[in-house]
Amino acid sequence: MTAGARYCVVGGGISGLVAAYRLRVSAGPDASITVLDPADRLGGILRTDRLGGQLIDVGAEAFVARRPEVPALLGELGLSGRQIATTGARPLIYSEGRLHALPADTVNGIPSRSETLAGLVDDATIRWMLDEPRRPLRWRPGADPAVAELVGDRFGEQVVVRSVDPLLAGVYAGSAATIGLRAAAPTVAAALDGGARSLTEAVRTALPPPRPGSVFGALDGCYQVLVDELVRRSGLSWAQVAAAGVQRTPAGWDVVDDEGTRWPADAVVLAVPAPRLPALIADIAPRSAALARDIPVASAAVVALALPGGTPLPEQSGVLVAGRSPALHTKAVTLSSRKWGRRGNVELLRLSYGRFGDDVARATGDEDLLAWAGEDLATLFGITVDPVDALVVRWIDAMPQYGPGHADRVAELRAGLPAGLAVAGAYLDGIGVPACVAAATRAAAAVVAR
Ligand SMILES: Cc1cc2nc3c(=O)[nH]c(=O)nc-3n(C[C@H](O)[C@H](O)[C@H](O)COP(=O)(O)OP(=O)(O)OC[C@H]3O[C@@H](n4cnc5c(N)ncnc54)[C@H](O)[C@@H]3O)c2cc1C
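This is a predicted model, so every value here is computed, not measured.

**Student:** Which residues make up the overall build of the chain, and what values do they have?
**Tutor:** Scanning the chain from N- to C-terminus turns up 16 helices and 22 strands. Here the C-alpha radius of gyration of the chain, 22 Å, is about what a compact globule of 450 residues would show, namely 22 Å. By principal-axis analysis of the C-alpha atoms, the chain measures approximately 70 × 55 × 40 Å. For the chain, the proportion of its 450 residues judged to be buried stands at 54%. Counting contacts in the chain only where the partners sit at least 6 residues apart, residues at least 24 apart contribute 73% of the total. For the chain, the exposed surface amounts to about 18600 Å²; the carbon and sulfur share of it is 52%.

**Student:** Just give me the short version of the sheet that holds strand β2 (residues 32-36), but keep the residues and values in it.
**Tutor:** With parallel pairing, 5 strands are arranged side by side in an open sheet as β12-β2-β1-β16-β22. At either margin of the open sheet sits one strand with a lone partner, and together these are β12 (237-239) and β22 (421-423). Averaged over all pairs of adjacent strands, the angle between strand axes in this sheet comes to 20°, irrespective of strand direction. For strand β1 (residues 6-10) and β2, the ladder comprises 5 bridges, and the chain directions are parallel. The residue of β2 that forms the bridge with Val10 is Leu36.

**Student:** Residues and numbers for the side chain of Ser112, please.
**Tutor:** Counting through the fold element by element, Ser112 comes out in the loop between β10 (110-111) and α3 (123-131). Of the residues examined, Ser112 reaches a relative accessible area of 3% and is grouped as buried. In this structure the side chain of Ser112 is engaged in a polar contact, spanning 2.7 Å, whose partner is the backbone oxygen of Asp105. Beyond its immediate chain neighbours, meaning those up to four positions away, Ser112 contacts Asp105, Thr200, Val203, Arg204 and Leu207.

**Student:** Give me the side chain of Ser198: which residues, what numbers.
**Tutor:** Positionally, Ser198 belongs in the loop between α7 (186-193) and α8 (199-206). A polar side-chain atom of Ser198 sits 3.0 Å from the main-chain amide nitrogen of Glu201.

**Student:** Give a description of the sheet that holds strand β13 (residues 243-249) that names residues and reports values.
**Tutor:** Taken together, the 3 strands give an open sheet; going across it, the order is β13-β14-β15, and neighbouring strands pair in antiparallel fashion. Unpaired on one side and paired on the other, β13 and β15 (262-265) mark the two borders of the sheet. Between one strand axis and the next, the sheet turns by 25° as a mean value, whatever way the strands run. As paired strands, β13 and strand β14 (residues 252-257) are joined by 6 bridges and run antiparallel to one another.

**Student:** Hey, could you go over the nonpolar core for me, with residue numbers and the actual values?
**Tutor:** Side chains of nonpolar character tend, in soluble globular proteins, to be buried together. Core analysis: the largest hydrophobic core is formed by 57 residues, its most contacted members being Ile110, Val151, Val188, Leu192 and Leu199. For this core, the element with the highest residue contribution is helix α5 (residues 157-172), accounting for 6 residues. The residues that make up this core include at least three from each of domain 2 (62-102 + 209-221 + 297-400) and domain 3 (106-206). Beyond its immediate chain neighbours, meaning those up to four positions away, Val151 contacts Ile110, Gly156, Val159, Val160, Val164 and Leu199. Ranked by size, the runner-up nonpolar core spans 41 residues in total, among them Leu23, Ala27, Leu46 and Val433.

**Student:** Residues and numbers for the site of the ligand, please.
**Tutor:** For the ligand, the set of nearby residues contains 33 residues, the closest of which are Ser15, Asp37, Ala62, Ile431 and Val433. One nitrogen or oxygen atom from the side chain of Ser15 is found 2.7 Å from an oxygen atom belonging to the ligand. At 2.9 Å from a nitrogen atom of the ligand is found a main-chain nitrogen or oxygen belonging to Ala243. When the free accessible area of the ligand is taken as 1000 Å², the share hidden by the protein chains comes to 87%. For the shell around the ligand, a count of residues per class yields 22 nonpolar, 8 polar and 3 charged. Viewed by domain, the shell around the ligand spans two of them, domain 1 (6-46 + 227-295 + 402-449) and domain 2 (62-102 + 209-221 + 297-400), each represented by three or more residues.

**Student:** Provide a residue-level description of the domain arrangement of the chain, including the pertinent values.
**Tutor:** Assigned domains of the chain: these are domain 1 (6-46 + 227-295 + 402-449), domain 2 (62-102 + 209-221 + 297-400) and domain 3 (106-206). On a C-alpha basis, the centres of domain 2 and domain 3 stand 25 Å from each other. Each partner contributes to the interface: domain 2 provides 16 residues, whereas domain 3 provides 14 residues. At the junction of domain 2 and domain 3, the tally comes to 1 salt bridge. In this structure, Arg162 and Glu96 form a salt bridge, with 3.7 Å as the shortest nitrogen-oxygen distance. Inspection of the domain 2/domain 3 interface yields 2 residue pairs in polar contact (both at pLDDT 80 or more). Among the residues forming the side of domain 2 that touches domain 3, the class breakdown is 8 nonpolar, 4 polar and 4 charged.

**Student:** Residue-level account of unusual backbone geometry, with values.
**Tutor:** Backbone geometry follows two general trends: most residues other than glycine have a negative phi, and most peptide bonds adopt the trans configuration. Positive phi outside glycine occurs at Asp105, with the angle close to 55°. As for its position among the elements, Asp105 is in the loop between β8 (98-101) and β9 (106-107). Positive phi, normally seen in glycine, also occurs at Cys222, with a value near 70°.

**Student:** Quick one: what's the story with the pairing of β1, residue by residue and with numbers?
**Tutor:** The buried count for β1 comes to 4 of 5 residues, which makes it a mostly enclosed element. You can see the chain leave β1, run along helix α1 (residues 14-27) and come back into β2, and the turn it takes is right-handed. Strand direction decides the pairing type here: β1 and strand β16 (residues 267-270), joined by 4 bridges, are parallel. By the bridge assignment, Val10 is partnered in β16 with Leu270.

**Student:** Lay out the packing of aromatic side chains in plain terms, naming residues and giving numbers.
**Tutor:** For the structure on display, the rule yields 2 aromatic pairs. Note on Tyr353 and Trp372: the rings are 5.9 Å apart at their centroids and 45° apart in plane angle, and the pair reads as tilted. With a gap of 19 residues between them, Tyr353 in strand β20 (residues 346-353) and Trp372 in helix α14 (residues 366-381) connect regions that are remote in the sequence. The positively charged end of Arg135 is found above the aromatic ring belonging to Trp128, 3.4 Å away from the centroid. Directly above the aromatic system of Phe216 lies the positively charged group of Lys339, at a separation of 5.4 Å from the ring centroid.

Calculation rules
- Residues numbered from 1 in each chain as written.
- Predicted model: local features only at pLDDT ≥ 70, side-chain atom pairs only at ≥ 80, totals over all residues.
- Heavy atoms only, no water.
- Helix = DSSP H or I, 4+ residues; strand = E, 2+ residues; numbered from the N terminus.
- Rg over C-alpha atoms; globule rule 2.2 N^0.38 Å.
- Buried < 20%, exposed > 50% of the residue type's maximum accessible area, 1.4 Å probe, protein only.
- Contact = heavy atoms within 4.5 Å.
- Areas by Shrake-Rupley, 256 points an atom, 1.4 Å probe, with all protein chains shown as cover.
- Pairing = 2+ DSSP bridges.
- Axes fitted to C-alpha atoms, helices over the stretch in contact; angles between N-to-C directions.
- Polar contact = N/O pair within 3.5 Å; in protein donor to acceptor, adjacent residues only side chain to side chain.
- Core = buried A, V, L, I, M, F, W, Y, C linked by side-chain atoms within 4.5 Å.
- Domains from an automatic or database assignment.
- Near = heavy atom within 4 Å.
- Nonpolar A, V, L, I, M, F, W, Y, C, P; charged D, E, K, R; others polar.
- Salt bridge = Lys/Arg side-chain N within 4 Å of Asp/Glu carboxyl O.
- Right-handed = clockwise from strand over helix to strand, strands pointing away.
- Phe/Tyr/Trp six-rings, centres within 6.5 Å; stacked < 30°, edge-to-face > 60°.
- Lys NZ or Arg CZ within 6 Å of the ring centre and 35° of its normal.

Listed below in structure tokens is the structure:
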């Protein structure tokens, strides 16, 4: 127990809230834990709103239930009973003006069998894939090519654009051209390091064995349930201010907010998005600041709609869009009422806009986004219907891009921090909520160990 220790956590998204909770568990009831965040509510990208009378998550809405972090955290917090599974409905891929089934047995869209892509790619691509194990593969253990480079070379460009890109656009708002293999498909990279003689063999080695149960989980009552419980159990004090800098003092650290107020602490967890980190640590950890500054980010806008109950939507969990289709604006649609089950007398859905490298999320007005959503629903499902309720939410610079070599840069970033400072966030060890929970746990342990 570290009686009376003072901690500051900068940023109150899931990363900061988990760090605060872990600090409380380790440091005990006498520790003071202050979370600085200027937003109008805690939770960051975990944000629950009401739409058509129903609760809906308008940022993250799910977590990978097969990773241990979130189920374990829910268990610790007594929330396991609130974990829900998907209905089993699967997404479709929209490519070349048509809807296709999502290929089975892939690792993040990288296929293990050519036949699962029949109809989605042309016959020449299928033949190229079938021939792949016979073509010599040059692989340097530890290499981290862009996913598009490896998959394009081995399986062909159509596999990249029509199978891999739609999944990576959903997760990172990025593309196979900007995401490294070790981030997108670490098990495939490991199989190649381990001596797989072809990409086909590597993907087959990397495919997880079929397991019963849903890949994704969510919370009954949405992510607000988790946010509220973390706030309650961590006993944090919320200072609704933005941190402007962190300074060393004889006793430890001062976090200085943007009005000049000092928040003294023995140790600090910095749980802000990568673009916000350099300003905080430029003086005390210039190399780490520079590395954070170099992590590219993408922005996304979410249009959440409540349509009248009974609107004829397909019995699918959503649609992932391949490439940039002139007929469509959206990059992904989640049919929330199909994915998680119906709530109330409305059909809830979310359409996402904006990809890495464009300014769609920043520059498109709400009216235009809502008009696009109407057009996209007509194009995809042939429906024209006035929503009962609608919300537009923007997540600016929210999605870090895990380019080739990312893990090495993150290791260097962490190594450049002085003792008593630790980082947490979606730009470190994975963009999803489970990886954020893991990185926040590591950050709290690092500052408490000191
Ligand atoms: C649209 C969208 C959908 C997603 N869907 C999923 C999903 O379904 N499943 C999944 O696992 N992941 C999903 N993700 C990813 C996941 O939600 C995020 O990576 C994760 O929530 C990030 O949490 P965080 O706490 O690191 O950052 P954030 O949630 O961004 O929190 C950072 C906080 O820092 C605060 N802040 C910023 N600057 C300062 C400052 N100077 N001083 C103090 N505070 C500051 C901000 O106000 C914010 O509250 C999604 C992401 C987006 C954008």
